Amino acid sequence: MAETIMVVEDDRQMARELVRLLENYGYRALQVEDFSRAVEEILEAAPHLVLLDINLPVQDGYTVCRQLRQHSQVPIIIVTSRDTEMDELMGMNLGADDFVAKPYNPQLLQAHIARVLARSYQSGESRVARFGRVELELSRSEAICGERRVELTKNERQILWVLMRARGEIVSRDALINELWQSDEFVDDNTLTVNINRLRGKLAEIGVEGYLLTRRGQGYQLCE
Amino acid sequence: MRDLLAQRLPLLLASAGGCALSALLLHLLGVGGAPTAFICLVLFVPVAVCCGVEAYTRSRYYRHLARVLGELDRKSLLPQLMEEPPFAEGRFWKEVLAACGKSMNDQIDRRAVEAREYQEYIETWVHEVKTPIASLLLSVEGGRQPDPAAVRREAERIDGYVEQALYYTRSGAPEKDYAIRPVSLRQLTADALKKNATLLIESRARVRSEGLDRTVYTDAKWVAFILGQLFQNAAKYRGEEPLSLSLRGEAGAEGVSLSVCDRGVGIPPRDQGRVFEKGFTGENGRAFARSTGMGLYLCATLCKKLGMGIRLESRVGEGTCVTLTFPKGSYHLAGGEAGETR
């Protein structure tokens with residue numbers, strides 16, 4: 001079951017993008033509609049995690065954070081453009097679990113969300129991504145096709161996951177490299193090629209061929 | 001005038017009292033009325049005349065001064081315009097006034113220079129930030145679907161400029177926002193690499209690192225910004241080649257140092273001494289365009305505030321190395337020695 005994330009962000013455009021992004025990452029995302037009832041709405045929705053902006057109409061995020069803490073232990077990540085030490089300290093003192101400065105890059109936000117969720121729920125169930133014939137078990141870093149499974153390295157898992165999220169669209173080499181950089185693997189062009197070839201090899205081991213395609217000059221894509 | 005005379009009243013009274021006492025003494029000694037009156041007059045009149053003359057000159061001087069002050073638009077110019085006072089105390093006060101005024105003017109001058117520099121920076125900045133905005137607008141012209149990578153690149157460029165402006169403001173009063181904590185060089189460089197990923201990857205970056213498992217005591221956010229400026233420079237001045245970036249941590253006598261080296265175009269020797277100056281663009285800045293001359297200046301300013309050293313070495317055609325030196329931990333945290341491990 002997908003975790004529910006409540007987005008508390010007053011900029012409509014921003015909130016919409018955020019919801020889409022979170023859904024793309026496999027979460028269920030909701031947003032606060034009426035900011036005078038922000039706390040009630042959050043409590044009613046009982047999400048697994050709250051993404052909280054600080055500059056809000058009616059009452060600021062710190063107030064929401066404090067009130068929320070009086071009723072609930074739901075993990076809170078403060079997402080804000082006010083990023084001074086003071087803001088961070090204040091958020092943490094009011095019981096927030098994490099702090100991400102705007103503008104953030106999506107992978108970074110996703111990493112923070114995953115970390116906070118893992119810390120708060122220590123879920124036994126592992127998250128699974130799927131596209132076409134192949135399943136990817138994220139926490140165990142295994143690719144599965146039918147009964148056969150193969151263990152992937154961190155880079156290979158990351159590459160496969162990005163391509164799966166693209167759902168058959170082409171992903172450029174730069175975007176893939178960027179994704180790996182965001183998980184602290186500062187690879188270059190050649191390393192990416194090597195990783196892709198290894199991944200193809202491992203997929204072949206479990207009987208998957210013609211799944212990861214090269215689009216010369218454009219990037220890579222998965223084929224169902 | 002009246003006030004000035006009133007001030008002299010005790011003296012006049014004392015003098016009159018002295019006269020009366022002398023008169024009494026002379027009377028007891030059997031001196032006649034006329035000589036007594038004469039002696040009293042001789043004693044009292046000069047004192048009274050002196051007091052009167054003094055009060056008059058001062059009052060005339062002060063009245064003149066008040067008039068000059070009243071007519072002045074910029075009152076702080078008074079010390080330059082007032083006449084030399086005809087009495088010693090006045091000359092002392094004139095010097096005091098002049099000293100106060102000069103100190104005030106110096107301060108105002110400094111502020112004026114700062115304000116002008118700030119304004120100049122904002123103007124250049126606005127000019128620069130408009131380029132990515134224009135390019136973003138252009139990319140959606142006529143309902144065209146923009147290339148996501150291009151949108152990201154331009155948005156990150158805007159973000160970079162905004163960030164620089166923020167740190168420029170903060171460099172004036174950094175006490176407000178910094179927190180010294182132990183952090184590993186690996187963490188510091190990773191943060192900065194991630195933040196500048198799009199630009200660096202587009203520059204076909206190859207990153208090599210060595211000796212980064214060292215802990216330093218510093219503000220991670222500030223250092224990530226400084227490293228970001230260095231990375232951006234390396235990308236900007238890489239020439240035609242893919243960007244080669246090497247990050248090296250070392251422990252030395254003055255603390256831990258972190259070098260960021262590229263194999264870019266390098267900086268001519270005559271420019272090297274000035275790269276940390278505000279607004280200095282040099283030959284490369286002109287040749288490669290898009291240089292505000294603020295990046296390295298900000299790095300140097302922030303380093304100074306954090307108690308860090310910054311040093312640049314470069315050879316034309318071979319590359320540039322910028323080395324940051326982190327002071328030993330004990331400077332910032334009592335009893336904390338900069339360790340060799342994470």
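Being a predicted model, the structure only gives us computed values, none of them experimental.

(A) The overall build of chain B, seen in detail. Broken down by element type, chain B carries 11 helices and seven strands. Computed over the C-alpha atoms, the radius of gyration of chain B is 37 Å, more than 25% above the 20 Å expected from 2.2 N^0.38 for a compact globule of 342 residues. Each principal axis of the C-alpha distribution contributes one length, and for chain B these read about 120 × 60 × 35 Å. Burial analysis of chain B (342 residues in total) assigns 25% to the buried set. Pairs at least 24 apart in sequence give 68% of the contacts found in chain B among residues at least 6 apart.

(B) Region of interest: the sheet that holds strand S5 (residues 255–262) of chain B. All names here are of chain B. Here five strands make up an open sheet; going across it, the order is S2-S4-S5-S7-S6 and the pairing mixed. Sheet topology places strand S2 (206–210) and strand S6 (309–315) at the edges, where each strand pairs with a single neighbour. Across the sheet, the mean angle from the axis of one strand to that of its neighbour is 15°, orientation sign disregarded. Helix H8 (residues 220–236) contacts strand S4 (244–252), S5 and strand S7 (319–326) of the sheet and is inclined by roughly 25° relative to S5.

(C) Representation of the domain arrangement of chain B in the model. Its domain assignment divides chain B into domain 1 (2–102) and domain 2 (182–331). Relative to domain 2 of chain B, the C-alpha centre of domain 1 of chain B lies at a distance of 71 Å.

(D) How the structure looks around the pairing of strand S8 (residues 142–145) of chain A. Residues and elements named next belong to chain A. Across three bridges, strand S7 (residues 134–137) lies against S8 in antiparallel orientation. Paired with glutamate 137 across the two strands is glutamate 142, which belongs to S8. Adjacent in sequence and paired antiparallel, S7 and S8 are bridged by four residues, among which serine 141 carries a positive phi angle near 55°. Note: S8 against strand S9 (residues 148–151), four bridges, orientation antiparallel. Bridged to isoleucine 144 within S9 is arginine 149. Taken together, S8 and the strand that follows it, S9, pair antiparallel across an intervening segment of two residues, in which glycine 146 is found at a positive phi of about 65°.

(E) Here's a closer look at the interface of chain A and chain B. Facing 14 residues of chain A, the contacting portion of chain B comprises 16 residues. Top contributing element to the side of chain A that touches chain B by residue count: helix H7 (residues 173–182) of chain A, with six residues. For the side of chain A that touches chain B, a count of residues per class yields five nonpolar, four polar and five charged.

(F) Structural view of unusual backbone geometry. Residues and elements named next belong to chain A. With a phi angle near 45°, alanine 46 is a residue other than glycine that sits in the positive phi range. Summarising the element assignment, alanine 46 is placed in the loop between helix H2 (38–45) and strand S3 (49–52). The exposure class assigned to alanine 46 is exposed, which follows from the 10 C-beta atoms found within 10 Å. Located in the positive-phi region is arginine 167, a residue other than glycine, with phi close to 50°. Checked against the element boundaries, arginine 167 lands in the loop between helix H6 (154–165) and H7. Overall, the presence of 12 C-beta atoms within 10 Å leaves arginine 167 in the exposed class.

(G) Representation of the confidence of the model for chain B within the structure. Residue and element names in this part refer to chain B. Counting all residues, the mean pLDDT for chain B is 84, and 92% of those residues have values of 70 or more. The secondary structure element of chain B with the lowest average pLDDT is helix H10 (residues 282–288), at 70, and the one with the highest is S7, at 93. Throughout residues 331–342 the model reports pLDDT below 50, and contacts reaching past four residues in sequence, or to other chains, amount to 24 contacts. Across the interfaces of the predicted complex, the ipTM metric reaches 0.73, alongside a pTM of 0.72.

(H) Molecular detail of the nonpolar core. In terms of nonpolar packing, the biggest core is built from 69 residues, with Leu160 of chain A together with Leu200, Ile226, Leu227, Phe231, Leu302 and Cys303 of chain B touching the most fellow members. Among the elements that line this core, the one with the most residues is H8 of chain B, at 10 residues. Look past the residues within four positions of phenylalanine 231 of chain B in its chain and what remains in contact with it is Ala192, Asn196, Leu200 and Leu245 of chain B.

(I) Summary view of the sheet that holds strand S6 (residues 128–131) of chain A. Residues and elements named next belong to chain A. The strand order across the open sheet formed by four strands is S6-S7-S8-S9, and the pairing between neighbours is antiparallel. Because the sheet does not close on itself, it has two edges, and the strands there are S6 and S9. Neighbour to neighbour, the strand axes of the sheet diverge by 20° on average, direction disregarded. Relative to S7, S6 runs antiparallel, the two sharing four bridges. Within S7, the position partnered with alanine 129 by the bridge is leucine 136. Where H6 meets the sheet, it contacts S6, S7 and S8, and its direction lies at approximately 125° from that of S7.

Calculation notes
- Residues numbered from 1 in each chain as written.
- Chains lettered and ligands numbered in written order.
- Predicted model: local features only at pLDDT ≥ 70, side-chain atom pairs only at ≥ 80, totals over all residues.
- Helix = DSSP H or I, 4+ residues; strand = E, 2+ residues; numbered from the N terminus.
- Rg over C-alpha atoms; globule rule 2.2 N^0.38 Å.
- Buried ≥ 20, exposed ≤ 12 C-beta atoms within 10 Å, placed from the backbone.
- Contact = placed C-beta atoms within 7 Å.
- Pairing = 2+ DSSP bridges.
- Axes fitted to C-alpha atoms, helices over the stretch in contact; angles between N-to-C directions.
- Domains from an automatic or database assignment.
- Nonpolar A, V, L, I, M, F, W, Y, C, P; charged D, E, K, R; others polar.
- pLDDT = per-residue confidence, 0-100.
- Core = buried A, V, L, I, M, F, W, Y, C linked by C-beta atoms within 7 Å.

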